[in-house]
Amino acid sequence: RLHTRIFAPGIDARQHDADLRMRIAKLQFITPDHLDIPALHRNPEAWSLGVAALNTMALKTTPIEKLDCILEACKHLYSAPQRNGAAPMSADDFLPVLVYIVLQANPPEL
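In this text, all values refer to a predicted model and were calculated from it rather than measured experimentally.

A look at the environment of D92
No. 1: Secondary-structure assignment places D92 in helix α5 (residues 91-105).
No. 2: Here the alpha-carbon distance between D92 and N43, two residues 49 residues apart in the chain, equals 17 Å.

Structural notes on the nonpolar core
No. 1: Formed by 16 residues in total, the largest nonpolar core has its most connected members in W47, L77, V97 and I101.
No. 2: Where this core is concerned, the elements lending two or more residues are α3 (44-55), α4 (63-83) and α5.
No. 3: Those residues within four positions of I101 in sequence are excluded, and the remaining contacts are W47, G50, V51, L54 and L77.

Brief notes about a nonpolar patch on the surface
No. 1: A cluster of nonpolar side chains, contributed by I64, L67 and I70, occupies part of the molecular surface with about 270 Å² of accessible area.
No. 2: By the secondary structure assignment, I64 is in helix α4.

Description of α4
No. 1: Here α4 contains 21 residues, and its C-alpha end-to-end distance of 30 Å stays within 8% of the 30 Å for a straight helix at 1.5 Å per residue.
No. 2: As for α4, its buried residues are in contact with α3 and α5.
No. 3: Two residues or fewer after α4 comes G85, characterised by a positive phi angle close to 85°.

Quick look at the packing of aromatic side chains
No. 1: One pass over the full model with this rule turns up 2 aromatic pairs.
No. 2: Taking the centre distance of 6.4 Å and the plane angle of 65° together, the rings of Y78 and F94 count as edge-to-face. Taken as a pair, Y78 in helix α4 and F94 in helix α5 lie far apart in primary sequence, 16 residues in all.
No. 3: The exposure class of Y78 is partly exposed, given its relative accessible area of 36%.
No. 4: What makes F94 buried here is its relative accessible area of 16%.

What counts and how
Residues numbered from 1 in each chain as written. Predicted model: local features only at pLDDT ≥ 70, side-chain atom pairs only at ≥ 80, totals over all residues. Heavy atoms only, no water. Helix = DSSP H or I, 4+ residues; strand = E, 2+ residues; numbered from the N terminus. Core = buried A, V, L, I, M, F, W, Y, C linked by side-chain atoms within 4.5 Å. Buried < 20%, exposed > 50% of the residue type's maximum accessible area, 1.4 Å probe, protein only. Contact = heavy atoms within 4.5 Å. Patch = residues over 30% accessible without salt bridge, like charges linked within 9 Å, V, L, I, M, F, W, Y side chains within 5 Å. Areas by Shrake-Rupley, 256 points an atom, 1.4 Å probe, with all protein chains shown as cover. Salt bridge = Lys/Arg side-chain N within 4 Å of Asp/Glu carboxyl O. Expected span 1.5 Å × (residues − 1). Phe/Tyr/Trp six-rings, centres within 6.5 Å; stacked < 30°, edge-to-face > 60°.

Below, the structure written as structure tokens:
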């Protein structure tokens, strides 16, 4: 409880976050096809776990906890092709998936 009182974001930061969330919300029409994500890299189960991990970031207080949420999301996304029996993703394949998941999660306090 004390953390939110001491480290509460200022009005400018809250407005910036609201503006960013609104911009991301306007991009909800984007599909994996728009980002050229191959079908073998798509796994809705892993993607929903990644979205959930990103959405828990706002509940964390320290930077390392927030980074752990991002790392957890990335692990879920990176493991998706292996769940489908495909080879691991390259960085060029991973980045569009990460962008898509961030758009889908639209996490607060990004």
